[in-house]
Amino acid sequence: MTKGIEGKVVLITGGSSGIGAETARLLAERGAKVAIAARRKDRLDEVVADIAANGGTARSYALDVTDKSAVQSVVAAIIADFGCLDVLINNAGLMPIRPMAEVNTDEWDQMIDVNLKGTLYGIAAALPGFLEQGSGHIINLSSVAGIKVFAPGGTVYSGTKFAVSAISEGLRHEVGEKVRVTSIEPGAVESDLKFTTSGTAAETVLDFYKQAIPTASVARAIAFAVEQPDDVDINAIVIRPTAQEF
């Protein structure tokens, strides 16, 4: 177990699979008390069972991150169950890739609601407590698509991830003396995210993800940020396959 992780209470949204589930397993293995939240409660419970079988501590919470009051309620429940909250990992996300000319506004709304508003709602729920206790760590999952526009097809997705990166940096400027803020910016990672694309772009996305790195690679990057001493803030980590040009 790593000293900088052991005993910390960590909330991970989108914790039922992919990066969220793998990060939960790794942090629990290193001594964190992990709360995982997502819409698929059955999948969450499977992850919790895995963690418990390996001697870790975890609880699951059904959550739709687009519901602001639900996010606040889950944060309150975690504090009641564990006694505090030390780290928030805003991991829930969608990535439907489609040319803008197809004008699928439903997908645009979904990405804005989950990727952007979901991140903001998480910050809104956790930040007041972090400021009151004088410590805390907010980790937002952005993307390499938040550094360079992923187009054609990923324009709106990039827009949400550019926003997440900008919010992370702005938040650091505003509360950095008390709260650490980290933006994790992965490239192609083997997870369910690639399956949120449908229609004509699905085959292109699946082909792009043939070069993907495992979720464990991103989980280790997140653990690296968490384990740092309180006076060290890892502001951003870009992590991608060595073969990925974008």
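First, a word on scope: everything that follows refers to the structure included in this document. Each residue is numbered by its place in its chain's sequence as written, counting from 1. Residue-level local features of this predicted model are given only where pLDDT is at least 70; pairs of side-chain atoms are given and counted only at 80 or more, and the full residue set underlies all totals for whole chains, interfaces and linings. Only hydrogens and water are set aside; all other atoms, that is, all heavy atoms of the structure, feed into the side-chain values.

A tally of helices and strands in the chain yields seven helices and seven strands. Secondary structure of the chain in N-to-C order comes out as β-α-β-α-β-α-β-α-β-α-β-α-α-β. Taken against the 2.2 N^0.38 rule, which gives 18 Å for 246 residues, the C-alpha radius of gyration of the chain at 17 Å falls within 12% of a compact globule. Projected onto its principal axes, the C-alpha positions of the chain cover 50 × 40 × 35 Å. The rule is simple: take the accessible area with a 1.4 Å probe, protein chains only, and divide by the maximum for that residue type; under 20% is buried, over 50% is exposed, in between is partly exposed. Every one of the 246 residues in the chain was classed for burial, and the buried ones make up 52%. Put simply, DSSP H or I for four residues or longer makes a helix, DSSP E for two residues or longer makes a strand, and each gets a number counted from the N terminus. It is over C-alpha atoms that the radius of gyration is taken, and the globule rule equals 2.2 Å times the number of residues to the power 0.38.

Our next topic: the sheet that holds strand 6 (residues 180–186). Hydrogen bonds between backbone groups are what pair the strands of a sheet, and the pairing can be parallel or antiparallel. Here we have seven strands laid out as an open sheet, ordered 3-2-1-4-5-6-7, and parallel in their pairing. On the outer flanks of this sheet lie strand 3 (57–62) and strand 7 (236–239), each paired with one strand and no other. Along the sheet, successive strands turn relative to each other by an average axial angle of 15°, direction set aside. Relative to strand 5 (residues 137–141), strand 4 (residues 87–90) runs parallel, the two being bridged by four bridges. The residue of strand 5 that forms the bridge with Asn-90 is Asn-140. Any two residues whose heavy atoms approach within 4.5 Å at even a single point are treated as in contact. With axes taken as lines fitted to C-alpha atoms, and helix axes fitted only over the stretch in contact, angles between N-to-C directions fall between 0 and 180 degrees. Its contacts with the sheet place helix 2 (residues 41–53) against strand 2 (33–38) and strand 3, and it is angled at close to 175° to strand 3. Strand contacts of helix 5 (residues 155–175): strand 5 and strand 6, with the helix running at about 160° to strand 6, the strand carrying the most contacts. The pairing criterion is simple: DSSP has to find at least two bridges between the two strands.

Attention shifts here to helix 4 (residues 105–133). Note on helix geometry: an α-helix contains 3.6 residues per turn, so any two residues three or four positions apart are oriented the same way. For helix 4, built from 29 residues, the straight-helix expectation of 42 Å at 1.5 Å per residue is met to within 8% by its first-to-last C-alpha distance of 41 Å. Among the residues trailing helix 4, Gly-134 stands out with phi positive, at a value near 80°. Every helix has an expected span of 1.5 Å times one less than the residues it contains.

A few words on helix 1 (residues 18–29). If you check helix 1, its first and last C-alpha atoms are 17 Å apart, about what twelve residues at 1.5 Å a residue would give, namely 16 Å. Regarding helix 1, the residues found buried are Ile-19, Gly-20, Ala-21, Thr-23, Ala-24, Leu-26, Leu-27 and Ala-28. Where helix 1 terminates, the next one or two residues include Gly-31, which has phi positive at roughly 105°.

Once that is clear, we can look at the nonpolar core. As a rule of thumb, soluble globular proteins bury nonpolar side chains together. Definition of nonpolar core: a set of buried residues of the types Ala, Val, Leu, Ile, Met, Phe, Trp, Tyr and Cys, connected through side-chain atoms within 4.5 Å. One finds Leu-11, Ile-78 and Leu-85 to be the most contacted residues of the largest nonpolar core, which totals 37 residues. Breaking this core down by element, the ones donating at least two residues are strand 1 (9–13), strand 2, helix 3 (68–82), helix 4 and helix 5. At eight residues, helix 4 tops the list of elements feeding residues into this core. Residues Val-34, Val-189, Ile-213 and Val-226 belong to the second largest nonpolar core, which totals 35 residues.

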